[in-house]
Amino acid sequence: MTTTATQASGPAALLRLAGVSHVYAGQRRRTTVLKDINYTFQRGTFYTVLGPSGSGKTTLLSLASGLDAPTRGTVSFNGRNLAEIGLGRYRNRHAATVFQQYNLLTYMTALQNVTTAMEITGVKPPQGGRRARALELLAHLGLDRAEATRNVQQLSGGQQQRVAIARALACDVDILFADEPTGNLDEDTAQGIVDTFRDLARTRNTCVVVVTHSQQLATQSDRVLTLRKGKLTEQLNA
Amino acid sequence: MNFVKRAGFSLWARRGRTLTTFATFLVISVMVLAGVLVNAATGRAEQAATRSVGAEVNLGVDLEGLGGGALQAPRIATDTLDRLGRLPQVQKYTYWMYDRVIFRGDSRLVGAGAPMGPGGTAGISVLDSSLLADFRSGSFKLLSGHHLTTADKKANNILVEERFARENGLRVGDEVEVTGNDEQTTADFTVAGIYRDPAPTDELDRDHGISPANRVYVTLGGMAALGSGSERGGTQVSEAAFLLDDAGAQDAFKDGARRLAGSQLDGFTLDANDKAVRQMTGPLQSISSTATLAMWLIGVAGAVVLALLVNLAVKQRRREYGVLLSLGEKKWKLITQQALEIAVVAALAIGVGSLFAPNLTQSAGQRLLDREAATAQEKIDSWEPPAPGSTGLDQGLSPDDQPVDNADPIDRITVEPDPADLAAVGGIGLGMALLATAVPAAAVLRLNPRTILTKGK
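Residues numbered from 1 in each chain as written. Chains lettered and ligands numbered in written order. Predicted model: local features only at pLDDT ≥ 70, side-chain atom pairs only at ≥ 80, totals over all residues.

Student: Quick question: what am I supposed to make of the overall build of chain A here?
Tutor: Check the secondary structure of chain A and you find 9 helices and 11 strands. Taking all 238 residues of chain A together, 48% fall into the buried category. For chain A, restricting intrachain contacts to residue pairs at least 6 apart in sequence, the fraction spanning at least 24 positions comes to 71%. (Helix = DSSP H or I, 4+ residues; strand = E, 2+ residues; numbered from the N terminus. Buried ≥ 20, exposed ≤ 12 C-beta atoms within 10 Å, placed from the backbone. Contact = placed C-beta atoms within 7 Å.)

Student: So what exactly am I meant to see when it comes to the overall build of chain B here?
Tutor: Tallying secondary structure elements over chain B gives 13 helices and 12 strands in all. Taking the intrachain contacts of chain B between residues at least 6 apart in sequence as the baseline, contacts between residues at least 24 apart amount to 83%.

Student: What am I meant to see in the packing of helix α9 (residues 275–316) of chain B against helix α12 (residues 419–445) of chain B here?
Tutor: For any two helices packed against each other, the geometry is given by the interaxial angle and the distance between the axes. All names here are of chain B. Two elements in contact, α9 and α12, have axes whose closest approach is 9 Å; the angle formed by their N-to-C orientations is 35°. Where α9 crosses over α12, the two elements pack in a sense that is right-handed. Counted together, A303, L306, A307, V310, N311, V314 and K315 of α9 and M432, A433, A436, T437, P440, A441 and V444 of α12 form the full contact between these two elements. (Axes fitted to C-alpha atoms, helices over the stretch in contact; angles between N-to-C directions. Left-handed = near helix turned anticlockwise from the far one by under 90°.)

Student: Sorry if this is basic, but what is going on with the nonpolar core here?
Tutor: A general trend in soluble globular proteins is that nonpolar side chains are found buried together. Ranked by internal contacts, the top residues of the largest apolar core, which has 132 residues, are V114, L138, V163, I175 and V209 of chain A. Top element by residues in this core is helix α2 (residues 15–53) of chain B. It accounts for 14 residues. The residues touching I175 of chain A, leaving out its near neighbours within four places in the chain, are L14, L15, F41, H94, A95, T206, C207 and V209 of chain A. Counting 51 residues, the second-largest nonpolar core is a separate cluster that includes V126, A213, A240 and F268 of chain B. (Core = buried A, V, L, I, M, F, W, Y, C linked by C-beta atoms within 7 Å.)

Student: Even after reading the chapter, I still don't get α9 of chain B, so can you show me in this structure?
Tutor: Owing to its 3.6 residues per turn, the α-helix aligns residues three or four sequence positions apart on the same side. Its 42 residues place the ends of α9 of chain B 59 Å apart at the C-alpha level, agreeing with the 62 Å of an ideal helix rising 1.5 Å per residue. Considering bend angle alone, the principal kink of α9 of chain B is centred on T281 of chain B and spans about 55°; proline P283 of chain B follows within four residues of it. (Expected span 1.5 Å × (residues − 1). Bend = angle between axes of the 7 residues up to and from the residue.)

Student: Help me out: how do you make sense of the sheet that holds strand β5 (residues 72–77) of chain A in this one?
Tutor: Each strand in a sheet pairs with its neighbour through backbone hydrogen bonds, running either in the same direction (parallel) or in the opposite one (antiparallel). Residue and element names in this part refer to chain A. One open sheet holds the 4 strands; their spatial order is β3-β2-β5-β6, and the pairing between them is antiparallel. Looking at which strands have only one partner, the edges of the open sheet turn out to be β3 (30–42) and β6 (80–81). Summarising the sheet, β5 and β6 pair through 2 bridges and their orientation is antiparallel. Pairing of S76 across the sheet is with N81, part of β6. Relative to the sheet, helix α1 (residues 57–64) contacts β2 (13–25), β3 and β5, its axis offset from that of β2 by approximately 125°. (Pairing = 2+ DSSP bridges.)

Student: Whenever I open this one, helix α4 (residues 110–121) of chain A confuses me. Can you help?
Tutor: The end-to-end C-alpha separation of α4 of chain A is 17 Å, in line with the 16 Å expected for 12 residues at 1.5 Å each. Along α4 of chain A, 11 of the 12 residues are buried, which leaves the element largely enclosed by surrounding structure. Turning to α4 of chain A, its buried residues number three or more, namely A110, L111, Q112, N113, V114, T115, T116, A117, M118, I120 and T121 of chain A. Residues of α4 of chain A that are buried in the fold lie against α3 (87–93), α5 (129–140), α6 (145–148) and α7 (157–170) of chain A together with α1 (2–13) and α10 (318–326) of chain B. Phi turns positive, to about 70°, at G122 of chain A, one or two residues after α4 of chain A.

Student: Even after reading the chapter, I still don't get the interface of chain B and chain A, so can you show me in this structure?
Tutor: Reports of interface size often rely on the accessible area that becomes lost once the parts have come together. Listed by partner, the interface residues are 21 residues for chain B and 21 residues for chain A. Sorting the residues of the side of chain B that touches chain A by element identifies α1, α10 and α13 (449–454) of chain B as the ones contributing at least two each. When residues of the side of chain B that touches chain A are assigned to their parent elements, the largest contribution, 6 residues, is made by α10 of chain B. In terms of residue class, the side of chain B that touches chain A is built from 7 nonpolar, 6 polar and 8 charged. (Nonpolar A, V, L, I, M, F, W, Y, C, P; charged D, E, K, R; others polar.)

Student: Can you walk me through the packing of α4 of chain A against α7 of chain A in this structure?
Tutor: Residue and element names in this part refer to chain A. At their nearest, the axes of α4 and α7 sit 8 Å apart, and the two run at 25° to each other. Looking at the two axes, α4 sits roughly parallel to α7. Judged by the twist between their axes, the crossing of α4 over α7 is right-handed. Contacts between α4 and α7 involve A110, N113, V114, A117 and M118 on the former and, on the latter, V163, A166, R167 and A170. Residue composition of the contact of α4 with α7, by class: 7 nonpolar, 1 polar and 1 charged. (Parallel < 35°, antiparallel > 145°, perpendicular 65-115°, else oblique.)

Next up, the structure:
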């Protein structure tokens with residue numbers, strides 16, 4: 001069962017996309033990737049966004065995470081337009097993204113990647129300090145101390161993906177975006193990540209938005225959105 | 001200060017690139033510093049040479065302005081020259097003019113073998129003979145008696161060459177009877193001094209066309225007594241030399257002289273006689289210009305290489321910028337991090353370079369100077385005067401080619417690192433590095449993080 005993805009903003013409304021369209025202007029032609037999308041993401045909810053390749057999933061994630069601004073329409077966080085908040089400030093204080101390509105700082109260790117993100121986003125150092133918190137997160141994602149203190153280029157793809165996730169988790173944000181976060185992971189680790197996302201939504205009231213091809217992952221989310229031909233629709237889980 | 005820590009991580013993790021940049025900076029800074037140090041050292045040596053030689057400004061007849069139709073060279077009142085001599089830049093001065101003098105009685109010209117005829121000889125009336133260039137340089141030597149000075153300006157005194165004195169049996173204190181250019185006015189003169197001109201008897205004095213042995217110097221008062229040099233009511237002369245305290249004051253003196261004398265200087269030239277300084281500093285100027293050229297060539301080439309290196313490094317770090325921006329890092333902090341990295345490398349390279357650049361420059365500069373000074377000295381030693389009776393112009397010799405005595409080319413430089421020079425090189429190096437960083441970094445950072453992170457994906 002599906003429904004057009006429009007929701008009224010309620011008390012738990014966190015991020016609202018209103019009339020969002022996005023066009024890529026090439027040298028010869030303009031490609032409309034997203035068409036008039038209206039949707040509100042809630043706090044404490046785990047979303048998955050499905051869709052075929054080239055459907056605009058990554059673009060949607062970029063606009064929602066403040067990496068780019070829409071060609072038309074507005075993206076609002078807590079009722080304030082991102083343009084007003086400032087995309088940089090929004091990314092710094094409220095949103096974190098786990099990229100498909102990991103996008104780690106290659107001249108640092110796994111641990112340094114995580115602590116650097118904490119320093120940049122100004123996360124209040126937890127009890128025991130940033131380093132201890134970073135090591136704890138990395139351990140939770142299956143990286144021991146030796147791996148944590150190794151340069152990220154010396155880690156496997158799956159390990160790098162986990163470092164990227166640990167970095168996002170460490171930033172303690174209101175909304176977490178992830179682009180195919182489990183694509184490079186084995187089944188057990190992937191399930192561990194999904195559990196972490198669900199736990200984040202449940203216990204910390206974080207909004208988690210995951211772009212994926214995995215139907216299995218989607219079944220474990222609270223809400224499943226489908227993007228097809230630039231239109232976003234919501235599939236209500238039974 | 002998170003970006004400072006990141007800069008440290010980056011420099012350490014990219015040790016290969018850091019070392020390459022360091023080496024490039026080191027070479028550039030050493031070479032540029034060497035150029036600056038050589039220039040500073042030669043500048044100091046030139047100043048010292050100029051101070052040791054002093055500066056001289058000569059007033060002479062403007063032969064080019066005189067034209068072919070002029071019958072008589074212009075003259076200038078000694079009162080005016082005395083006023084110029086009181087200008088603050090002047091240490092000492094003298095002036096002179098030439099006229100014919102005829103010694104009476106049995107006086108003979110050297111080399112003539114007969115009593116002096118109506119042609120007489122050249123008498124040079126001078127305010128202070130000790131300040132004439134040939135006496136100052138040591139070329140002419142006073143053998144006995146005293147110079148003609150301002151003290152005996154009004155007396156009838158003369159200074160004769162030793163061969164003339166020998167030919168005529170003259171000694172200091174002897175009296176001689178001399179007739180002036182009008183062949184009528186006669187006065188008695190006292191031999192105040194006897195000097196030596198090393199030029200051979202048969203080598204004609206180019207200025208007067210006489211044997212140097214027959215040249216005599218006369219006091220201004222003595223020449224006036226013979227009716228010469230006192231036209232229009234006052235003493236007048238045609239040449240003067242002003243010795244200045246400081247070579248750097250030449251222009252100030254010339255300006256002051258022109259202001260004071262006005263149109264009285266028409267028909268005259270005021271030229272700085274810096275031939276001795278030029279002879280001494282020729283090798284220095286040669287190595288200075290070589291060093292300057294090398295400095296600019298290496299500086300510019302190095303700057304280009306460095307800019308390319310930094311530019312490439314910045315472009316290779318696009319993704320890093322994108323990641324940091326996606327975390328909400330401020331753009332100015334990214335540029336500052338990049339700039340800090342290059343500044344640290346540049347400062348280290350300049351620091352290390354400044355440690356051994358002075359020794360390197362001293363050694364290389366001295367070797368260059370030794371060669372230049374030897375060549376210049378060889379040229380001086382091999383100079384031959386023109387054949388007797390010839391001006392030398394037909395042999396391609398110019399009077400200006402004649403070397404100045406007691407002005408050996410400087411063959412020693414002392415390189416001393418000056419903090420101001422080091423600071424200037426450091427400042428230029430850092431500025432260059434920061435510019436090479438900021439321009440490409442700013443270009444990359446104009447993009448949004450999504451564009452940076454997805455470009456080439």
